[in-house]
Amino acid sequence: MLLWILVSLFLSPASLTVNREEALPRLLMKAAESIVDPGFTMDYEAQMMAKEENLEITGGLGADSIRGQMLENGDSSGNGKETGEAPESTAGETESSEETTSESQAGNNSVTAGGEIVSPSEAVSAQVLAENFYSKEQLNDVQYLLDHVFCLDPTCTVGGDILNGETFLNKDLKLTGTDAPQVLIYHTHSQEEYADSTPGDPSMTVQGVGDELARILTEKYGLSVLHNTTHFDMMEGELERSRAYSYAKQEISQILEENPTIQVVIDLHRDGVPDDLHLATEVNGKSTAKIMFFNGLSQDLDGPIERLPNPYREDNLAFSFQMYLQAKAAYPGFCRDIYLKGYRYNLHFRPRSVLLEVGAQTNTYEEAVNAMEPFADILTKVILPAETGNGED
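All figures in this text were calculated on a predicted structure; none of them were measured in a lab.

Caption draft 1: Structural context of the overall build of the protein. When helices and strands are counted, the protein shows 14 helices and 15 strands. Of the contacts made within the protein by residues no fewer than 6 positions apart, 78% connect residues no fewer than 24 positions apart. When the accessible area of the protein is evaluated, it comes to approximately 16,200 Å², of which 50% is carbon and sulfur surface.

Structural data, given as structure tokens:
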């Protein structure tokens, strides 16, 4: 194990210059995780294999456990992120269910933007919302954005050429045209379940959550939605995720070729976190799973990954950032930090592509389903014109 740590440090010296205070602790955490959780060892081996076979993967439970601990670094009632203070690192710490659910009720209270009250039903531009939360200097400060909005995986780097809040705000992400279909929902990891899911029942997995999202977008907002439920992570009846993104890439590419009117692509997942971490808040009186936007940067510590180009990377990041702002205004505590990692994760097909994590394995299925109403609200505020994107029936 010591040899593994030394090799990691030798092969990735840049890891000590990115999040310098956290890089070594994270490496040590990973080493420890591989001892107590074989899932991480499998994940590491799969990543090495993926590099050789030109594949993309998100990783297994071990990596997800570490990610959950790093990401859950507080919210409006926690570490001062809402007041502009730099958050403290929580790597190596866990958070109890009681702590994560003790927030004020998101969606019941609103914030001000430009002197006006913003409610969940109102569509306010991302530019106006940003003025309420950030200064121009902060939007152009990479480190500030990493401390308050984004979470950077230690396997990659990012600079001002990639991370710029003003650039993201200036992106017009409204849908063009009304031809159907407009939205595609799918699940690279179709078998992801929740705490009370019935084994073998796809209606209580992320697929069921996708069904609910499709229903809301269709019935409430008038969008035309395709929901693909192919099991990309199953092989001969067994769970097999090492090639899931490659299988998904082939089919999603074909779907988009056959349906060029699709402008929004959502890969809906659920996260994996330590068992004592409950990613929930309260929205409109209901316990609701928190969401997280996940973006692949198509680069690692050595720079761009040339074999995984994404011409829409900037658009993808802007899409996540604008939805994050809408959530911050209407549903405080609902949206976690936007996670940034290397590889591409099939986000290169459309400008409005996102990998969406809805809760984790510790959430109930109902909590995950409850998250679809506020998510649909923030999504449509970004992609629909104001007169049609206000959530009114």
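After presenting the structure, the write-up continues.
Caption draft 2: Representation of helix α6 (residues 126-133) within the structure. The set of residues buried in α6 consists of A126, L129, A130 and F133. Looking straight down α6, one finds that the buried residues subtend no more than 100 degrees of arc, so they occupy a single side.

Caption draft 3: Focus on the environment of D161. Examined against the element boundaries, D161 turns out to sit in the loop between β3 (150-152) and α9 (165-169). Judged by relative accessible area, D161 falls into the exposed class, the value being 64%. Distance from D161 to E314, taken between C-alpha atoms, is 9.6 Å for residues 153 residues apart in sequence.

Caption draft 4: Representation of the pattern of salt bridges. Scanning the model with the defined rule gives eight salt bridges in all. Where D315 meets K171, a salt bridge forms, and the shortest distance between an N and an O atom there is 3.4 Å. Of this pair, D315 sits in helix α12 (residues 313-330) while K171 is found in the loop between α9 and β4 (183-186), placing the two residues 144 residues apart along the sequence. Connected through salt bridges with shared partners, the residues K171, E314 and D315 form a single ionic network.

Caption draft 5: Inspection of the packing of α12 against helix α14 (residues 372-383) at higher detail. At a minimum axis distance of 9 Å, the contact between α12 and α14 shows a crossing angle of 125 degrees. One finds that α12 runs oblique with respect to α14. When you trace α12 past α14, the crossing you get is right-handed. Judged by residue contacts, F319, Q322, M323, Q326, A327 and A330 of α12 engage F375, I378, L379, K381, V382 and I383 from α14.

Caption draft 6: Focus on the pairing of strand β11 (residues 291-296). Burial of β11 is extensive: six of the six residues sit out of reach of the surface. Neither face of β11 is left uncovered, since the one carrying I291, F293 and N295 and the one carrying M292, F294 and G296 both have all their residues buried. Across four bridges, β11 lies against strand β15 (residues 352-360) in antiparallel orientation. Looking across to β15, one finds that F293 is bridged to L356.

Caption draft 7: Representation of the state of the cysteines within the structure. Enumeration according to the criterion identifies zero disulfides in this entry. The cysteine C156 is free of any disulfide, with C151 supplying the nearest cysteine sulfur at 9.8 Å. By relative accessible area, which is 0% here, C156 ends up buried.

Each value, and the rule that gives it
- Along each chain, numbering runs from 1 in the same order as the chain's sequence is written.
- Confidence filtering applies because this is a predicted model: local features only for residues at pLDDT of at least 70, side-chain atom pairs given and counted only at 80 or more, and all residues used for totals across whole chains, interfaces and linings.
- Remark: hydrogens and water are excluded; side-chain values derive from all non-hydrogen atoms of the structure.
- Comment: elements are numbered from the N terminus, with helices defined as DSSP H or I runs of at least four residues and strands as E runs of at least two.
- For this analysis, residues touch if any pair of their heavy atoms sits within 4.5 Å.
- Only the protein chains shown count as cover for residues, and the accessible areas themselves come from Shrake-Rupley with a 1.4 Å probe.
- When accessible area is computed with a 1.4 Å probe and restricted to protein chains, residues below 20% of their type maximum are described as buried, those above 50% as exposed, and intermediate ones as partly exposed.
- The directions from the helix axis to the C-beta atoms form the arc being described.
- Definition used for salt bridges: Asp or Glu carboxyl oxygen within 4 Å of a side-chain nitrogen of Lys or Arg.
- Note on geometry: axes are lines fitted to C-alpha atoms, helical ones only across the stretch in contact, with angles between N-to-C directions running from 0 to 180 degrees.
- Angles below 35 degrees are treated as roughly parallel, those above 145 as roughly antiparallel, those between 65 and 115 as roughly perpendicular, and all remaining angles as oblique.
- By convention, the crossing between two helices is left-handed when the near helix turns anticlockwise from the far helix through less than a right angle, and right-handed when the turn is clockwise.
- Pairing between two strands is assigned when DSSP locates at least 2 bridges connecting them.
- We call a pair of cysteine sulfur atoms a disulfide when they lie within 2.5 Å.

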